[in-house]
Amino acid sequence: MAQLCPCGSGLEYSLCCQPYVRGVSLPLTPSQLMRSRYSAYAMQDAEYLVATWHPAARYDTLTTDLSASFAATQWLGLTVFEEASGRDENEGFVSFVARFKDKERESAIIERSRFLKESGQWYYVDGTRPTLGRNDPCPCGSGKKYKKCCGR
């Protein structure tokens, strides 16, 4: 039976993010890069994550830090809820919720990631996290308050 892509697209991994993670092709949009990076986290592929991190944002122990994080983290799902253009065609933003379990505790990363395109390739640069009140609706779309969902 074919493996579904970890990014939640509903497609087979081989038809979705695998060609990007394996270096067969390049993501054409920031959203494709975001989804493939999530898949790389789920598949524990530090090399792809580093290769798609903007060179100016990389640091000496990035590969080691990523690899160490894999042991205690299980990725549970990705929800992309906004894609936006930047100042020009070489900048883009993707807002998402990535759910995970770390040491038996479920949590989520809620971020608006910034991507830059250089020499025909998209790179992850950085991200900002929204300021949410405990009683705000959770941005993951669950319909629950933030404090009862991803804010636990």
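Structure first, text after, so check above.
Residues numbered from 1 in each chain as written. Predicted model: local features only at pLDDT ≥ 70, side-chain atom pairs only at ≥ 80, totals over all residues. Heavy atoms only, no water.

A. Spotlight on the sheet that holds strand 3 (residues 105-118). In spatial order, the strands read 1-2-3-4; together these 4 strands make up an open sheet with antiparallel pairing. Two strands lie at the open edges of the sheet, namely strand 1 (73-85) and strand 4 (121-128), each paired on one side alone. On average, each strand axis in the sheet is inclined to that of its neighbour by 30 degrees, with strand direction left out of account. As judged from the 11 bridges shared by strand 1 and strand 2 (residues 91-102), these two strands associate in the antiparallel manner. Following the sheet pairing, Ala-84 is matched in strand 2 by Phe-93. Running over the sheet, helix 2 (residues 30-42) touches strand 1, strand 2, strand 3 and strand 4 and is turned about 175 degrees from strand 1. (Pairing = 2+ DSSP bridges. Helix = DSSP H or I, 4+ residues; strand = E, 2+ residues; numbered from the N terminus. Axes fitted to C-alpha atoms, helices over the stretch in contact; angles between N-to-C directions. Contact = heavy atoms within 4.5 Å.)

B. Inspection of unusual backbone geometry at higher detail. With phi around 55 degrees, Lys-103 is a residue other than glycine that occupies positive phi space. Residue position: Lys-103 is located in the loop between strand 2 and strand 3. The backbone phi angle of Glu-104 is positive, close to 70 degrees, even though this residue is not glycine. By secondary structure assignment, the location of Glu-104 is in the loop between strand 2 and strand 3.

C. Representation of the pairing of strand 2. Most of strand 2 is tucked away, with 9 of its 12 residues classed as buried. Between the end of strand 1 and the start of strand 2, which pair antiparallel, lie 5 residues. Pairing geometry for strand 2 and strand 3, over 12 bridges, is antiparallel. Within strand 3, the position partnered with Val-94 by the bridge is Ser-113. The antiparallel pairing of strand 2 with strand 3 creates a hairpin that spans 2 residues between the two strands, and Lys-103 there sits at a positive phi of about 55 degrees. (Buried < 20%, exposed > 50% of the residue type's maximum accessible area, 1.4 Å probe, protein only.)

In short, shape yes, function no, at least from these values alone.
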